[in-house]
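Summary of the model geometry
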Amino acid sequence: MDHYSPASTGDMVAEVLALRRPLRGLLLDLDDTLIDREGALRSWLRRRAGLERRELDELLAIDAADSGSLAELAIVLLDRRPGLARDPIALGQRIRDELPDAIEPDAKTLQTLARLAASGLRLGLISNGGPTQRRKLARARLPVERFAAIVISSEVGVAKPDPAIFGLTLERLGLAHDEALMVGDSPEHDIAGAHAAELASCWIAHGRSWPEQLEPAALELDDVHQLPDAIAAWIE
């Protein structure tokens, strides 16, 4: 799939999504979509565990392959730095608890959210995770009033890619399935989950290649800051 370019956006939207209603809302992932979780984790591993670049890249790859659960990362890291926690479960929890403090606000993301809200779209935040997700929001200075719905898996008892969490978010936004677009970085949790819920989707690629075994997203962008221009032709 081609990456987004401004000249081709209108044609791409019209071609892929012509039979759907005008776009009225967005479901937005948090980690590595609206905030730089990977950058925060890299910072934590460097400061707290004293890792150098080669080990950092290795541990981040392990975490990515494990869908960001921190479980496998904690096992490997504790073997190399046994003083960080009493066991891998405790280390994973320590990282989750401390990770929000490593989140950095991003002015471009704030501008992007402002543009999306100004376009009249209803914005919903849909995120897997626990109480630290709201701390990440605060740390990133993402204004909660921008979101008509905030749905966090630990608060509702269901997580992506289960279609139920997408349906719940749509219900809270007051939108039908064919009026919204799911935007996220995880092919399995965000995009495959959206497809199971009969939602159109936009993948935030961050320079990665799409997994060939999965149905591709309708749109593919390098980062979320391209989103307002990419969907402009699809807004009523």
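Note that the structure is a prediction, hence the values are computed from the model and not measured.

Right, let's get into helix H9 (residues 163–173). Along an α-helix, residues three or four apart share an orientation, since each turn contains 3.6 residues. Listed in full, the buried residues belonging to H9 are Ile165, Phe166, Thr169, Leu170 and Leu173. For H9, the angular spread of buried residues about the axis comes to 140°, placing them on one side. Lining the buried residues of H9 we find strand S1 (25–28), strand S2 (122–127), strand S3 (149–152), helix H8 (153–156), strand S4 (180–184) and helix H10 (187–196). Gly174 sits one or two residues past H9 and shows a positive phi near 75°.

Leu26, Leu45, Leu77, Leu181 and Leu227 are the most contacted members of the largest nonpolar core, which totals 51 residues. The leading source of residues in this core is helix H2 (residues 37–49), at five residues. With sequence-adjacent residues up to four places away left out, Leu181 is seen in contact with Leu23, Gly25, Leu26, Leu27, Ala200, Ser201, Cys202, Leu219, Ile231 and Trp234.

Now for the environment of Ala49. With respect to the helices and strands, Ala49 occurs in helix H2. For the pair Ala49 and Arg134, spaced 85 residues apart in sequence, the C-alpha to C-alpha distance is 25 Å. Leaving out residues up to four positions away in the same chain, Ala49 has contacts with Trp44, Leu77, Arg81 and Leu84.

Now for the side chain of Thr112. Locating Thr112 in the fold gives a position in helix H6 (residues 107–118). With a relative accessible area of 5%, Thr112 lands in the buried category. Look past the residues within four positions of Thr112 in its chain and what remains in contact with it is Val224, His225 and Pro228.

On to the pattern of salt bridges, then. For the coordinates displayed, the defined rule picks out 17 salt bridges. Between Glu179 and Arg24 there is a salt bridge whose closest N-O contact spans 3.1 Å. Taken together, the positions of Glu179 in the loop between H9 and S4 and Arg24 in the loop between helix H1 (9–17) and S1 put the pair 155 residues apart, joining distant regions of the chain. Here Glu55 and Arg81 are joined by a salt bridge, their closest N and O atoms 3.5 Å apart. Residue Glu55 is found in helix H3 (residues 53–65), and its partner Arg81 is found in the loop between helix H4 (71–80) and helix H5 (88–98); the two are separated by 26 residues along the sequence. Residue class for Arg81 comes out partly exposed when judged on its relative accessible area of 25%. Through salt bridges that share partners, Arg54, Glu55, Glu58, Arg80 and Arg81 make up one connected network.

On to the packing of aromatic side chains. Here the structure, examined in full by the defined rule, presents one aromatic pair. Ring geometry for Trp203 and Trp210: centres 4.8 Å apart, planes at 75°, overall edge-to-face. Trp210 gets classed as buried once you look at its relative accessible area, which sits at 16%.

Conventions and cut-offs
- Residues numbered from 1 in each chain as written.
- Predicted model: local features only at pLDDT ≥ 70, side-chain atom pairs only at ≥ 80, totals over all residues.
- Heavy atoms only, no water.
- Buried < 20%, exposed > 50% of the residue type's maximum accessible area, 1.4 Å probe, protein only.
- Helix = DSSP H or I, 4+ residues; strand = E, 2+ residues; numbered from the N terminus.
- Arc of directions from axis to C-beta.
- Contact = heavy atoms within 4.5 Å.
- Core = buried A, V, L, I, M, F, W, Y, C linked by side-chain atoms within 4.5 Å.
- Salt bridge = Lys/Arg side-chain N within 4 Å of Asp/Glu carboxyl O.
- Phe/Tyr/Trp six-rings, centres within 6.5 Å; stacked < 30°, edge-to-face > 60°.

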